[in-house]
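# Structural features, examined
Single-letter residue listing:
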Amino acid sequence: MSTAIGIDLGTTFSVVAYLENGKARVIPSSEGGNLIPSVVAFIDGGFQLTGKLARAQAAANPIRTIASIKRWMGSDKKIEIEGKTYTPQEISGFILRKVKREAEAYIGEKVEKAVITVPAYFNDNQRQATMDAAIFARLDVMRIINEPTAASLAYGLHEKDLQHILVWDLGGGTFDVSILELGQGVFEVKAVNGDTHLGGDDWDQKIMDYAAEEYVKIHKIDIREDRIALQRLKEASERAKRELSQKPLTNIRIPFIDQGRDLEISLTREKFEELSCDLLEKMVTPSKQALKDANLTAKNIDRVILVGGSTRMPAVQQLARELFEMEPYKDINPDEVVAVGAAIQAGVLTGEVNHITLVDITPLSLGIETMGGIFTRIIGRNTPVPTTCGQIFTTAQDNQTQVDIYILQGERALAADNVSLGKFNLDNIPIARRGEPQIEVAFHIDANGILQVSAFDLHTENQKSININSSKRLSRGQINKMLEEAERYAADDEKRKEHIQIGICAEGMIASAQVVMEENLEILDKFQIDEIEKAILKVKAALAQGKSEEMKLEMDELRKIIEIVCSEIRDKKEKRKKMAHSKIGVLK
Ligand code: AMP
C-alpha cells in the first residue's frame with residue numbers, strides 16, 4: 001500500500017505530515033520551512049506558481065495571485081485570470097497538487113491517499129468542495145476530519161479516559177473555538193463557535209497604527225498613505241509581534257520610510273498588550289457561547305489545546321489559563337499540530353494505528369420545508385455523524401401526484417429564514433386523498449459530513465435521492481449569525497409558526513367536514529348540512545382575515561358541530577343496523 005498523508009489545508013498555509021515507523025512527521029517543504037503558503041499565481045507564458053514562489057511575487061502581481069481561497073470553498077465564486085475561469089475547488093486543487101508533490105519528493109514514493117482537515121463549522125458544500133479539490137489533485141480522500149479533532153489526536157488524547165477538550169485555533173485571520181468530548185477512542189464535537197474576523201492580522205494592525213501615529217507625532221506625516229511604506233510597516237509590525245512573544249521589548253526600525261527618514265520606535269510587550277486588549281477580549285464571548293452550546297462550564301473542561309500561530313502570544317496563553325484555570329497544551333508546534341493529527345488519522349485508516357473512531361457533529365439543523373412554509377427538522381444541530389434520520393410525510397392536496405422536497409439548513413422556524421441547500425421532487429404518486437400517501441424522507445450524513453437526502457414512496461416503492469453539493473456557501477460567521485438570529489427571533493418565529501399551523505389545521509378541518517358531508521349525504525338532514533356549511537363559512541372567513549384567535553374559535557365551533565353530527569350519524573347507523581337485524585329476526 002502507498003503511503004497515506006495527512007494534510008492541513010489552511011487559509012494562509014498548508015502543512016503535510018505522514019507516519020514514519022508509527023510516528024507522525026511533518027514533511028519539510030523543498031522551498032524551506034514546514035509551511036507551504038496556500039497561494040497560487042499565474043505568470044507570463046501561461047506558467048503557474050504555487051507556495052512560496054507564488055507568495056513572494058504576490059505584491060508585484062496582485063491581479064493574477066490568489067490567496068485565502070479557503071474562504072470561498074463551497075461558494076459559486078469564479079476566479080477569472082486572463083480569460084480563463086477557475087473554481088475555488090480548482091485553485092485548492094493546485095495547492096493540494098503541490099502538497100502531494102512535496103510529500104512524494106520527500107518520502108520517495110507515490111502518494112495517492114490522504115486525510116484532509118477542514119474547520120469543524122464547514123458545511124456540506126464546503127466539505128464536498130474540499131473533496132472535489134482533492135480529485136483535481138488526483139488524491140484519494142480517505143476521510144475529511146475536523147481540525148480540532150486532528151489537534152486532539154496529535155496530543156494522543158484518545159488514549160485517555162472520557163474528557164472534554166476545548167480547542168482554541170487563532171490563525172492569521174480567524175478564531176475558532178471547538179469543544180470535543182472524547183473517551184474510549186471516540187471523539188465527538190460538542191460545539192463550535194468563533195469569529196471569522198479575528199486573527200494575527202488584527203494584532204499586526206495594532207502595532208502598525210501605534211507606530212504610524214508615533215511617526216505622525218514627530219514628523220506630521222502619515223506613512224500609511226504610501227502603499228509601499230504601508231507594506232513595509234506591515235511586515236515590520238508582524239516581525240515585532242513575533243519577537244514580543246519571545247522578549248519583553250522590541251525595536252521597530254524601517255530605514256528610509258519617507259523622504260530618506262527612518263522609522264524607529266521601541267515597543268514593550270506590556271504596551272503591545274495594552275494596545276491589543278480589546279482583541280483579546282473578543283476571544284471570550286465565542287468561548288463562553290461554545291461552552292453554553294455544549295451545556296458545559298469552564299470547570300468541566302479537562303484540557304485546552306492551542307492551535308494556530310497566534311496562540312504563541314503570551315497574552316493569549318495567559319487568557320486561556322485565566323478562563324479555564326489550567327495550563328493549556330501547547331507543546332506541539334501550533335502551526336503543525338493539525339497536520340500531525342491528520343497523519344495519525346490516515347494511519348488509523350490504513351490500519352497502522354488502532355482503536356480510534358471519530359465522531360463529528362452537524363453544526364446546524366437540517367430539514368425540509370413542509371406545508372405553509374414551515375421548517376421541519378430531520379437532523380438536529382450538534383447531532384453526531386455519520387447519522388441517518390427519517391420521517392414520514394404526506395400530501396397536502398387531494399390527487400397530488402408529486403411532492404417537492406426543499407432541503408434547508410438552519411435554526412429558524414420558517415423555511416424562508418433558513419438557507420436552501422437544494423431541492424428535488426418525487427413524482428408518480430398514485431391518485432389519493434390528501435394525507436393518504438406515505439412518503440419517507442431520509443437524511444443520511446456520511447463520515448465525511450456529506451449529506452444525502454432521499455424520498456421514498458412507501459406504497460409504490462418509488463425512490464429518488466440527491467447528494468448535496470450545490471454551491472451554497474455557509475461560513476462559520478454566517479452560522480453564528482443564524483444562531484444569533486434564531487435566538488433573537490425565537491418567540492416571534494414561534495408565533496408565526498403557530499399562526500401558520502392554525503391555518504393548516506383550519507384547512508384540514510374544513511376538508512374533513514366536507515368529507516363527512518359527502519360521505520353521509522343520505523343520512524344527514526337539511527338542518528345538519530346547513531349547520532356544517534355555516535360553520536365552514538365562518539372558519540373560511542376567519543382564515544381570510546388571518547386572525548389566529550378567531551380561527552381557533554371558529555375551528556372549535558366547527559369541530560364541536562362535526563363531533564355532534566358524527567355521533568348522530570353513528571346513532572342513526574346503529575339504529576338502522578338494529579332495525580335490519582330485528583327484521584331479519586322477524587323473518588326467521
Ligand atoms: P496560521 O494561520 O495558523 O499559520 O497563523 C499565522 C498567524 O500566526 C500570523 O498572524 C502570524 O503572525 C502569527 N504568528 C506566528 N508565529 C507567531 C509568534 N511567535 N507570535 C505571535 N504570532 C505569531
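Residues numbered from 1 in each chain as written. Predicted model: local features only at pLDDT ≥ 70, side-chain atom pairs only at ≥ 80, totals over all residues. Heavy atoms only, no water.

### Focus on the site of the ligand
Selection criterion: Residues are classed as near a molecule or strand on a simple rule: at least one heavy atom within 4 Å of it. In the analysis that follows, any N or O atom pair within 3.5 Å is treated as a polar contact, provided that within protein one partner can donate a hydrogen and the other can accept it, and provided that, for residues neighboring in sequence, both atoms belong to side chains. In short, Shrake-Rupley with a 1.4 Å probe defines the accessible areas, and a residue's cover is counted only from the protein chains shown. We call Asp, Glu, Lys and Arg charged. Ala, Val, Leu, Ile, Met, Phe, Trp, Tyr, Cys and Pro are nonpolar, and the rest, Gly among them, are polar.
In the neighbourhood of the ligand, 15 residues make up the surrounding shell, with Thr12, Glu238, Lys241, Ser245 and Arg312 lying closest. Between the ligand and the protein, one listed contact pairs an oxygen atom with a side-chain N or O atom of Thr12 at 3.0 Å. Residue Glu238 places a side-chain N or O atom 2.3 Å away from an oxygen atom belonging to the ligand. Protein burial of the ligand: of its 500 Å² of free accessible surface, 88% is covered by the chains. Looking at side-chain class alone, the shell around the ligand contains two nonpolar, eight polar and five charged residues.

### Focus on the side chain of Ser365
Heads up, the rule is: Only runs of H or I of at least four residues qualify as helices and only runs of E of at least two qualify as strands under DSSP, and these elements are numbered from the N terminus. Here the term buried applies to any residue with accessible area under 20% of the maximum for its type, exposed to any over 50%, and partly exposed to those in between, with areas from a 1.4 Å probe on protein chains only. Whether two residues are in contact is decided by their heavy atoms: any pair within 4.5 Å suffices.
By the element assignment, Ser365 lies in the loop between strand 18 (357–361) and strand 19 (366–370). Its relative accessible area of 1% is what places Ser365 among the buried residues. Within polar-contact distance, the side chain of Ser365 engages the backbone nitrogen of Arg381 at 3.0 Å. Beyond its immediate sequence surroundings of up to four residues, Ser365 is in contact with Phe375, Arg377, Ile379, Gly380, Arg381, Leu408, Gln409, Gly410 and Glu411.

### As for the confidence of the model for the protein
Stated formally: For every residue, the predictor reports its confidence as pLDDT, a number between 0 and 100.
The predicted model of the protein has a mean per-residue pLDDT of 89, with 94% of residues at 70 or higher. The element-level mean pLDDT for the protein is lowest in strand 18, coming to 62, with helix 7 (residues 269–275) highest at 98.

### Digging into the pattern of salt bridges
Quick reminder of the rule: Think of a salt bridge as a Lys or Arg side-chain nitrogen and an Asp or Glu carboxyl oxygen that are within 4 Å of each other.
For the coordinates displayed, the defined rule picks out 39 salt bridges. The residue Glu274 makes a salt bridge to Lys271 at a minimum N-O spacing of 3.4 Å. With Glu274 and Lys271 both in helix 7 and three residues apart, this pair spans about one turn of that helix. For Glu274, a relative accessible area of 54% gives the class exposed. Looking at Lys271, the relative accessible area reads 26%, which means it is partly exposed. The shortest N-O distance in the salt bridge between Lys552 and Glu498 comes to 3.6 Å. Highlighted residues: Lys552 in helix 15 (residues 548–587) and Glu498 in helix 13 (residues 490–519), separated in sequence by 54 residues. Each member of the salt-bridge network shares a partner with another, and the members are Arg412, Asp417, Glu485, Asp493 and Arg496.

### So, the nonpolar core
How we decide: Working definition of a nonpolar core: buried Ala, Val, Leu, Ile, Met, Phe, Trp, Tyr and Cys residues. They are joined through side-chain atoms within 4.5 Å.
Membership of the largest hydrophobic core comes to 71 residues, with the highest contact counts inside it found for Ile5, Ile7, Ile91, Leu96 and Ile116. If we ignore the near neighbours within four places in the chain, the residues touching Ile91 are Val40, Phe42, Ile66, Ile69, Ile79 and Tyr86. Core analysis: the second largest hydrophobic core is formed by 46 residues, Ala191, Trp203, Ala240 and Leu267 among them.

### Concerning helix 6 (residues 227–246)
Applicable threshold: An expected span of 1.5 Å times one less than the residue number is assigned to each helix.
Look at helix 6: 30 Å from first C-alpha to last across 20 residues, which is about the 28 Å you get at 1.5 Å a residue. Those residues of helix 6 that sit buried are Ala229, Leu233, Ala236, Ser237, Ala240, Lys241, Leu244 and Ser245. On the buried face of helix 6, the contacting elements are helix 5 (200–219), strand 15 (249–258), strand 16 (261–268), helix 7 and helix 10 (314–324). The opening residue of helix 6, the one whose side-chain oxygen lies 3.1 Å from the backbone nitrogen of Ile228, is Asp226.

### Observations concerning the pairing of strand 1 (residues 3–9)
The test is simple: What makes two strands pair is DSSP finding at least two bridges between them.
Burial analysis of strand 1 places seven of its seven residues in the buried class, the great majority of the element. Judged by which residues are buried, strand 1 turns out to be covered on both faces: Thr3, Ile5, Ile7 and Leu9 on one side and Ala4, Gly6 and Asp8 on the other are all buried. Here strand 1 pairs with strand 10 (residues 111–118) via six bridges, running parallel. Of the residues in strand 10, the one forming a bridge with Ala4 is Lys113. Bridging between strand 1 and strand 2 (residues 13–20) involves five bridges; their strand directions are antiparallel. Residue pairing across strands places Asp8 opposite Val15, the latter belonging to strand 2.

### Brief notes about the sheet that holds strand 22 (residues 387–393)
Spelled out, the test is: Note on method: axes are straight lines fitted to C-alpha atoms, helices fitted across the in-contact stretch only, with angles between N-to-C directions ranging 0 to 180 degrees.
Strands sit in the order 22-25-26-27 across an open sheet of four strands; the sheet is antiparallel. Pairing within the sheet leaves two strands with one partner each, and these edge strands are strand 22 and strand 27 (463–467). Averaged over neighbouring strand pairs, the angle between their axes works out to 15 degrees when direction is ignored. As judged from the seven bridges shared by strand 25 (residues 439–445) and strand 26 (residues 451–457), these two strands associate in the antiparallel manner. Opposite Ile439, over in strand 26, you have Asp457 as the bridge partner.

### A short note on the packing of aromatic side chains
The line we're drawing: Only the six-membered ring of Trp is used, alongside the rings of Phe and Tyr, when aromatic pairs are assigned; centres must lie within 6.5 Å, and planes under 30 degrees apart are stacked while those over 60 apart are edge-to-face, with the rest tilted.
In total, this model carries eight aromatic pairs according to the counting rule given. With a centroid separation of 5.6 Å and an interplanar angle of 75 degrees, the aromatic rings of Trp168 and Phe324 are classed as edge-to-face. Taken together, the residues span a long stretch of sequence, with Trp168 in strand 12 (residues 163–170) and Phe324 in helix 10 at a distance of 156 residues. This pair shows no difference in class: Trp168 is buried, exactly as Phe324 is.

### Re a negative patch on the surface
Short version of the rule: Candidates for patches are residues over 30% relative accessible area with no salt bridge; among them, like charges are joined within 9 Å and nonpolar side chains (Val, Leu, Ile, Met, Phe, Trp, Tyr) within 5 Å. The charged-residue count follows a simple rule in which Lys and Arg add positive charge and Asp and Glu add negative charge, with His and chain termini not counted at all. Note that the charge is assigned to NZ on lysines, CZ on arginines, CG on aspartates and CD on glutamates.
A cluster of acidic residues, Asp525, Glu531, Glu568, Asp571 and Glu574, forms a negative patch at the surface. A per-element tally of the negative patch places helix 15 first, with three residues. Among the secondary structure elements, Glu574 is positioned in helix 15. Judged by its relative accessible area of 42%, Glu574 falls in the partly exposed class.

### Examining the environment of Ile257
Looking at where Ile257 falls in the secondary structure, it is placed in strand 15. In the structure, Ile257 is positioned 274 residues away from Glu531 in sequence and 91 Å away in space, judged by C-alpha atoms. Apart from the residues within four sequence positions on either side, Ile257 is in contact with Tyr215, Ile223, Ala229, Arg232, Asp262 and Leu263.

### A short note on helix 9 (residues 284–293)
Every buried residue of helix 9 is listed here: Val284, Pro286, Ser287, Ala290, Leu291 and Asp293. Immediately downstream of helix 9, the backbone of Asn295 shows phi near 60 degrees, a positive value.

### Regarding the sheet that holds strand 5 (residues 40–43)
Taking strand neighbours across the sheet as the criterion, the three strands line up as 6-5-7 in an open arrangement whose pairing is antiparallel. One side of each edge strand has no neighbouring strand; the edge strands of this open sheet are strand 6 (47–50) and strand 7 (65–66). Sheet topology places strand 5 next to strand 6; four bridges connect them, and they run antiparallel. Paired with Ala41 across the two strands is Leu49, which belongs to strand 6. Contacting strand 5, strand 6 and strand 7, helix 2 (residues 88–107) crosses the sheet at an angle of about 100 degrees to strand 5.

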